[in-house]
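Residues per chain are reported as follows:
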Amino acid sequence: MSSETEISPFRVDMPDEVIADLRRRIASTRWPSRELVTDRSQGVQLATLQELARYWANGYDWRACEARLNALPQFKTEIDGMDIHFIHVKSPHADALPLIMTHGWPGSVIELLGVVGLLTDPAAHGGRAEDAFDLVLPSLPGYGFSAEPTEVGWAPGRVARAWAELMHRLGYIRYVAQGGDVGASITDAMGRQAPPGLVGIHMNLLVTALGGAPQPTESEKERAAADALATFRSSGFGYFLDQTTRPQTIGYALLDSPVALAAWMLDHDTDAYYKISSAFVDGQPSGNLTRDHILDNITLYWLTGTGASAARSYWEDGQAQAAALAAGQAPPEVSLPVGFTQFPGEIFRAPRSWVEQGYPNVTYFNEADKGGHFAAWEEPELFSEEVRAAFRSLR
């Protein structure tokens, strides 16, 4: 007899027939004509997606990804009525600091796999044993192997409370949290809720500015960040707006056509798009953003049928923000120590002044010299060192 707090081992084992069906659907894709411009201003370019589809159908091996996942300790547990999947890797080093890291969209736990060894066993990768972490990597509700919400209300605040319960259930009485993209929203919410045991947070996307709060524009860096945000909202905001307002509509395509799913997931920020496109068209990956790793992530969405449920997480966040605004509710400040790393290829480069406006207790800030929106995925070594540096003072 199972209890509501039971933690059960989990393994991935996708049936052969669903993989065969995926290849069949790719082969039967009905393609549009080529875009009428030479850049991505009309969306994902035909040459990029056709090369992705060719490799996906004929060269890609999902079983290799499955083996990579199953080589790690995976589990499921029910929290607040939601079946949550997570990876939990304990460090071989004593006194490792527990760390819960949250992925984003269009990512998954796949984007974080490259940092597992680097963070849990830094001594094996040229680092110091005293920088080690016990690592917890949950899949967001509606993403990957976590269950889909069957009711509304799974906004970042509720996910943050679930993550605090997960860490408590794992026996951690002192821990830190990290996130980028949607994961930054969850980590921000955890910092504002300040659950017992959480002693610090680190993020690599400034959600306080992305949410529309006014920011200073006095310095050159501030004006450049404001210009980048304006460009994003004018020409790169399509996926964001659609998922925030009409996730169900795009969901039909995401569940029916693997190529539609791939196109939707590639059409994120400009920097990441061109890096991913180059991996397929030119055979030149950017760091760990290889063809196989990109398709690992897309295939995970396809095989779990979570394109629509993941898109709904944006709707949930938008509803929660609108309700708070209508009620005149300002979020509580974050009093915990906050670390922030700005990667140069991010949607906008947040200056320290913007970070400090959103978080009064910034204890670590750094501008990395490479990496973009999917920093942990693209540059796992650099990203891991940033996480170590951000939390070093809290050990």
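Provided above is the structure to which this section pertains.
None of the values given here were measured: they were computed from a predicted structure.

Points about the overall build of the protein chain
And step 1. Regarding its fold elements, the protein chain presents 17 helices and 9 strands.
And step 2. Against the 2.2 N^0.38 benchmark of 21 Å for 395 residues, the protein chain shows a C-alpha radius of gyration of 20 Å, consistent with a compact globule.
And step 3. Dimensions of the protein chain, computed from C-alpha atoms along their principal axes, come out at roughly 60 × 55 × 45 Å.
And step 4. The buried share of the protein chain, reckoned over its 395 residues, is 56%.
And step 5. In the protein chain, of all internal contacts separated by at least 6 residues, the share reaching a separation of at least 24 is 77%.
And step 6. Each charge sign in the protein chain was given a centre, from 31 positive and 49 negative side chains, and these centres are 1 Å apart.

Considering unusual backbone geometry
And step 1. Across the junction of W105 and P106, the peptide omega takes the value 5°, indicating a cis bond.
And step 2. Inspection of the secondary structure assignment puts P106 in the loop between β4 (97-102) and α4 (116-120).
And step 3. The backbone of D80 shows a phi angle near 55°, a positive value even though the residue is not glycine.
And step 4. Here D80 lies in the loop between β2 (74-79) and β3 (82-89).

Side note on the pattern of salt bridges
Side chains carrying opposite charge are able to pair once their charged atoms draw close together.
And step 1. If you walk through the whole model with that rule in mind, you get 23 salt bridges.
And step 2. A salt bridge links R169 to E165, with the nearest nitrogen and oxygen atoms 3.1 Å apart. Placement of both R169 and E165 in helix α5 (residues 156-169) is noted, with a separation of 4 residues, approximately one turn of the helix.
And step 3. Between R392 and E385 there is a salt bridge; the shortest N-O distance is 3.2 Å.

Points about the packing of helix α2 (residues 46-58) against helix α11 (residues 258-266)
And step 1. The contact between α2 and α11 brings their axes to 11 Å, and the two run at 125°. Between α2 and α11, the angle is such that the two are oblique. In the packing of α2 onto α11, the handedness of the crossing is right-handed. Here T48, L49, L52, A53 and W56 of α2 lie close against α11, whose contacting residues are P258, V259, A262, A263 and L266.

Remarks on the sheet that holds strand β1 (residues 7-9)
And step 1. What the 9 strands build is an open sheet, ordered β1-β2-β3-β5-β4-β6-β7-β8-β9; its pairing is mixed. The open sheet terminates on both sides in strands that have one partner only, identified here as β1 and β9 (362-367). Averaged over all pairs of adjacent strands, the angle between strand axes in this sheet comes to 25°, irrespective of strand direction.
And step 2. For β1 and β2, the ladder comprises 3 bridges, and the chain directions are antiparallel. Bridged to S8 within β2 is K76.

Comments concerning the side chain of Q243
And step 1. Following the sequence through the fold, Q243 ends up in helix α9 (residues 238-245).
And step 2. A polar contact is formed between the side chain of Q243 and the side chain of W264, at a distance of 2.9 Å.

With respect to α2
And step 1. The terminal C-alpha atoms of α2, which comprises 13 residues, lie 18 Å apart, in line with the 18 Å expected from a rise of 1.5 Å per residue.
And step 2. Among the residues of α2, L46, T48, L49, L52, A53, Y55, W56 and A57 are the ones counted as buried.
And step 3. At its buried positions, α2 is contacted by α1 (16-27), α11, α12 (270-281) and α13 (291-304).

Some details on the environment of A184
And step 1. For A184, the location among the structural elements is in helix α6 (residues 182-193).
And step 2. Looking at A184, the relative accessible area reads 0%, which means it is buried.
And step 3. A sequence separation of 21 residues divides A184 from L205, and the C-alpha atoms of the two residues are 6.2 Å apart.

With respect to the pairing of strand β8 (residues 338-342)
And step 1. For β8, the tally of buried residues reaches 5 of 5 residues, placing the bulk of the element in the interior.
And step 2. The alternating pattern of β8 places V338, F340 and Q342 on one face and G339 and T341 on the opposite face, and all of these are buried.
And step 3. Here strand β7 (residues 198-203) pairs with β8 via 3 bridges, running parallel. Looking at the pairing, M203 lines up with F340 of β8.
And step 4. What joins β8 to β9 is helix α15 (residues 352-358), and the crossover it makes is right-handed.

Rules used throughout
Residues numbered from 1 in each chain as written. Predicted model: local features only at pLDDT ≥ 70, side-chain atom pairs only at ≥ 80, totals over all residues. Heavy atoms only, no water. Helix = DSSP H or I, 4+ residues; strand = E, 2+ residues; numbered from the N terminus. Rg over C-alpha atoms; globule rule 2.2 N^0.38 Å. Buried < 20%, exposed > 50% of the residue type's maximum accessible area, 1.4 Å probe, protein only. Contact = heavy atoms within 4.5 Å. Lys, Arg positive; Asp, Glu negative; His and termini not counted. Charge placed at Lys NZ, Arg CZ, Asp CG, Glu CD. Salt bridge = Lys/Arg side-chain N within 4 Å of Asp/Glu carboxyl O. Axes fitted to C-alpha atoms, helices over the stretch in contact; angles between N-to-C directions. Parallel < 35°, antiparallel > 145°, perpendicular 65-115°, else oblique. Left-handed = near helix turned anticlockwise from the far one by under 90°. Pairing = 2+ DSSP bridges. Polar contact = N/O pair within 3.5 Å; in protein donor to acceptor, adjacent residues only side chain to side chain. Expected span 1.5 Å × (residues − 1). Right-handed = clockwise from strand over helix to strand, strands pointing away.

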